[in-house]
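The lines below spell out each chain.
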There are 2 protein chains.
Amino acid sequence: MSHQPLGPGREFDRIRAMAARWGDRARGLGDDCAFLEIGGETLAVSLDLAVEEIHFRRDWMSPAEIGYRAAAAALSDLAAVAAEPLALLLAVGAPASEPEETHAALADGVGEAAAAAGAFVIGGDLAASAQLVVDCCVIGRAAKPVRRSGARPGDRIVVTGTLGLPLTAFTAWTVGREPPPAARERFVRPEPRYAAARRLAALGATAMIDISDGLGGDLLQLLAASGVGARVDVLRIPVHPEARTAATRLGQDAWAFAARSGEEYELLATLPTSVGDEELRDLGIPVSAIGTIEAEPGVRAFEDPRPVTLPTGWDHLRTT
Amino acid sequence: MSHQPLGPGREFDRIRAMAARWGDRARGLGDDCAFLEIGGETLAVSLDLAVEEIHFRRDWMSPAEIGYRAAAAALSDLAAVAAEPLALLLAVGAPASEPEETHAALADGVGEAAAAAGAFVIGGDLAASAQLVVDCCVIGRAAKPVRRSGARPGDRIVVTGTLGLPLTAFTAWTVGREPPPAARERFVRPEPRYAAARRLAALGATAMIDISDGLGGDLLQLLAASGVGARVDVLRIPVHPEARTAATRLGQDAWAFAARSGEEYELLATLPTSVGDEELRDLGIPVSAIGTIEAEPGVRAFEDPRPVTLPTGWDHLRTT
């Protein structure tokens, strides 16, 4: 199995360099999950490191929230490929002086996220480390995996839910304000779209990714993997009202603010044109059609009718 | 599936506390690997965090050696349950300033360990972190898994290879000396016992564990999981000549030094009495019979014939 082409970015440069060293020893890199065929089934597996000061700060979230969020972020990778969550392994790195209550609270949060996904905690590891590290490996069953690479010219581009709350929370915290309750809740308790993902797969989704690096950045990954481009009507990007308020306060366009917001864990998917708006209404959560896949590479974004640039740049490699 | 009882120790107290919070949401904790039944097959999965300054130091090992060792340590968990290695996922946390060459060299080492195990690299994650973190998830097929819990009174206790080199290397480094070449080589390039593990399973091994916390500590885990005790003839513990020299220099008994040495990645197994010494000679590596399982809990160690205490205490939670 060959790897899927990755989009631009420093993290992806590093992954490309590592994949080059592995040659034939590596297989199928570049999706939200790795796939493993066994006993006639396709397993989806993902490994996700959440590191203090990078993915979370202890003054922003309680240990239970840190655990919930790390597990939900990992489990969202299963949603991204339309896999059914089965199991989770948890490794925690913490300072040797860390009180035992931290581990118990992390366990509470991880357990809650696993329960919401219908997954069981089956193992893990503990280690000492200077920063708190919460590392989740998740395993699911992918009866009909949806990869990043199947988008075809003409496909509709859809996104679940409304965007912008995580960046709203992040922005408030970084200037020392308490975020609006809806933004804080969304940041600390993301809701991976397991059910919607499987319904999108059943509707014939040709490609899918979960929004962890921002709609703009993740769209580039999907397009790179599929070898296609896109036309996006930015005014159709669904923005949460609180995010709209936050964007206005910053003097930014709401759609641009929402497109930069990462760790959303909403789904970005492409669907055949045959899938109509009524079918999208049956997904249990709002689904917005924001554009169309085109053969020509690159993103052509329009703000009715002015050409604009869809921002990217939620960078997990930032050091906060 | 209930959890296996864990032995004493601070790390295990934390795991017990976490498992208590999970209740029914957790399944089968306490073995070297988690097991997952899928498509009529049993998968073995393990997650292993290696953290700078805890599991390795950059002035002791090159990035390629750090990668090899982290992957081999994780893959050894598959050997411990007699599983056939299939796949590995790698997550790396590194400072944002880390040169790309570090990732490439880590990839080289991980790829080499995967190749030695016959496993493929199928995915992973990159994150920023203050310390270098190398996190491996390994997946194997366990046609006939050997757990820690099956040891029965009368079983023979055997250990593969010779012990003591990792502690020899560690001791030299911590006092600022270069370790003897054999000790350094063993520390940076452990050789998980995949083939021997499967032969021990074929011989009917009733319980097995890989020696990561020292023979003394890991024997306690195996006994706790099996609900039995052991009689050990400490003079039969196989000690590498270099480790013997190091122990003598420190004024310690060679067997006690070897029993404390962790991150050995040799196997400690129990076998029915029907397995004779000739069969053990066919394992491809030296196998030493060091004692017998007894019904009465606890370890009764003898130095021909003086009762002695088998040391434990290779503590991954140390902060070096």
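(A) Spatial organisation of the environment of A183 of chain B. Residue and element names in this part refer to chain B. Inspection of the secondary structure assignment puts A183 in helix α5 (residues 181–188). Classification of A183 as buried rests on a relative accessible area of 0%. It is 8.2 Å that separates the C-alpha atoms of A183 and L167, two residues lying 16 residues apart in sequence. Ignoring any residue separated from it by four or fewer positions in sequence, one finds A183 in contact with L165, T168 and A169.

(B) Examining unusual backbone geometry more closely. Residue P305 of chain A is bonded to the preceding D304 of chain A through a cis peptide linkage, with omega at 0°. Its location among the elements puts P305 of chain A in the loop between β11 (298–303) and β12 (306–308). At D304 of chain A, a residue that is not glycine, the phi angle is positive and equals roughly 30°. Locating D304 of chain A in the fold gives a position in the loop between β11 and β12. For D304 of chain A, a relative accessible area of 63% translates into the label exposed. The backbone phi angle of E53 of chain B is positive, close to 75°, even though this residue is not glycine. For E53 of chain B, the position within the fold is in the loop between β2 (41–51) and α2 (63–80).

(C) Geometry of the environment of P85 of chain A. All names here are of chain A. For P85, the location among the structural elements is in strand β3 (residues 84–94). You can call P85 buried: its relative accessible area is 4%. In contact with P85, not counting residues within four places along its chain, are L75, L78, A117, G118, A119, I139, G140, Y194 and R198.

(D) Representation of the interface of chain B and chain A within the structure. Contact with chain B, which involves 72 residues of that partner, is made by 72 residues of chain A. Counting each side, the surface lost to burial between chain B and chain A is near 6,100 Å², with a carbon and sulfur contribution of 68%. If you sort the residues of chain B by the area they bury against chain A, R14, R25 and L47 of chain B come out on top, with a joint share of 13%. For the pair chain B and chain A, the number of links is 2 salt bridges. D108 of chain A is the partner of R21 of chain B in a salt bridge, and the nearest nitrogen-oxygen pair spans 2.7 Å. Put simply, chain B and chain A have 16 residue pairs in polar contact (both at pLDDT 80 or more) between them. Of all elements in the fold, only α1 (10–22), β1 (34–38), β2, β3 (84–94), α3 (100–117), β4 (120–128) and β5 (133–141) of chain B reach the threshold of two or more residues within the side of chain B that touches chain A. When its residues are assigned to classes, the side of chain B that touches chain A shows 40 nonpolar, 15 polar and 17 charged.

(E) Region of interest: α3 of chain B. Taking 1.5 Å of rise per residue, 18 residues should cover 26 Å, and α3 of chain B covers 26 Å from first to last C-alpha, within 8% of that figure. Within the span of α3 of chain B, buried status applies to T102, H103, A104, A105, L106, A107, G109, V110, G111, A113, A114 and A117 of chain B. Check the buried side of α3 of chain B and you find it contacts α1 (10–22) of chain A together with α2, β3, β4, β5 and α6 (194–202) of chain B. At the C-terminal side of α3 of chain B, G118 of chain B shows a positive phi close to 75°.

(F) Highlighting the relation of the copies chain B and chain A. Overlay of chain B on chain A (RMSD 0.0 Å): rotation 180°, translation along the axis 0.0 Å. Taken together, the rotation and translation describe the operation of a two-fold axis. Across chain B, the smallest distance between a C-alpha and the rotation axis is recorded for G39 of chain B, namely 2.2 Å. Of the interface residues in chain B, 100% have counterparts in chain A that sit at the interface too, so the contact is made through matching surfaces.

(G) Structural context of the side chain of R148 of chain B. All names here are of chain B. Structurally, R148 is set in the loop between β5 and β6 (156–160). Its relative accessible area of 10% is what places R148 among the buried residues. For R148, the residues in contact, after removing those within four places along its chain, are Q4, G30, D31, D32, A207, M208, I209, Q221, L222, A225 and S226.

(H) Inspection of the state of the cysteines at higher detail. For the structure shown, the criterion picks out 0 disulfides over all chains. Here C33 of chain A is not disulfide-linked; the sulfur of C137 of chain A is the nearest cysteine sulfur, at 9.6 Å. The buried category is assigned to C33 of chain A, whose relative accessible area is 2%. C136 of chain B takes part in no disulfide bond, and the closest cysteine sulfur, belonging to C137 of chain B, lies 8.8 Å away. By relative accessible area, which is 0% here, C136 of chain B ends up buried.

(I) Local environment of the pattern of salt bridges. Residues and elements named next belong to chain B. Applying the stated criterion across every chain yields a total of 46 salt bridges over all chains. When the shortest N-O distance is used, the salt bridge between R58 and E52 registers 3.3 Å. Accessibility expressed as a relative area gives 31% for R58, which makes it partly exposed. Using a relative accessible area of 13% as the deciding quantity, one classes E52 as buried. In this structure, R141 and E84 form a salt bridge, with 3.2 Å as the shortest nitrogen-oxygen distance. Placement of R141 in strand β5 and of E84 in strand β3 is noted, with a sequence separation of 57 residues between them. For R141, a relative accessible area of 25% translates into the label partly exposed.

(J) Representation of the sheet that holds strand β10 (residues 287–294) of chain B. Residues and elements named next belong to chain B. Overall, mixed pairing links the 7 strands, which are arranged β7-β9-β6-β10-β8-β11-β12 in an open sheet. The open sheet has two edge strands, β7 (207–210) and β12 (306–308), and neither has a second partner. Each strand axis lies, on average, 25° off the axis of its neighbour in the sheet, ignoring direction. In this sheet, strand β11 (residues 298–303) lies alongside strand β8 (residues 229–233) in parallel orientation, the contact comprising 5 bridges.

(K) Structural detail: the sheet that holds β4 of chain B. Residues and elements named next belong to chain B. Strands sit in the order β1-β2-β5-β3-β4 across an open sheet of 5 strands; the sheet is mixed. Two strands in the sheet have a free side with no partner beyond their single neighbour: β1 and β4. Taken over all neighbouring pairs, the strand axes of this sheet differ in orientation by 20° on average, direction set aside. Relative to β2, β1 is paired through 5 bridges, and the arrangement is antiparallel. Bridge pairing in β2 places E37 opposite T42.

Each value, and the rule that gives it
Note on numbering: residues in each chain are counted from 1, in written sequence order. Just so you know, chain letters begin at A and ligand numbers begin at 1, following the order they were written in. Per-residue local features are limited, in this predicted model, to residues with pLDDT of at least 70; the limit for side-chain atom pairs, both in listing and counting, is 80 or more; totals at the level of whole chains, interfaces and linings are taken over all residues. For the side-chain quantities, the full set of heavy atoms in the structure was used; hydrogens and water were omitted. The way it works is that DSSP assigns letters per residue, a run of H or I at least four long becomes a helix, a run of E at least two long becomes a strand, and they are numbered from the N terminus. Summary of the burial criterion: residues with accessible area below 20% of their type's maximum are buried, those above 50% are exposed, and those between are partly exposed, where the area comes from a 1.4 Å probe applied to protein chains only. Any two residues whose heavy atoms approach within 4.5 Å are treated as being in contact. What gets called buried area is simply the loss in accessible area from a 1.4 Å probe that two parts show on being joined, summed for both. When a carboxyl oxygen of Asp or Glu is within 4 Å of a side-chain nitrogen of Lys or Arg, the pair counts as a salt bridge. Each polar contact in these results corresponds to two N or O atoms within 3.5 Å; when the atoms are within protein, one needs to be able to donate a hydrogen and the other to accept it, and residues that are neighboring in sequence are counted only if both atoms are side-chain atoms. Residues are grouped as follows: Ala, Val, Leu, Ile, Met, Phe, Trp, Tyr, Cys and Pro are nonpolar; Asp, Glu, Lys and Arg are charged; every other residue, Gly included, is polar. Take the residue count of a helix, subtract one, and multiply by 1.5 Å to get its expected span. Each copy is superposed on the other by least squares, with the fit set by C-alpha atoms of residues at a pLDDT of at least 70 in both. By disulfide we mean two sulfur atoms from cysteines, separated by a distance within 2.5 Å. For two strands to pair, DSSP has to find at least two bridges joining them. What counts as an axis is a line fitted to C-alpha atoms, over the stretch in contact for a helix, and the angles between N-to-C directions run from 0 to 180 degrees.

Spatial relationships are all this shows, so hold off on functional conclusions.
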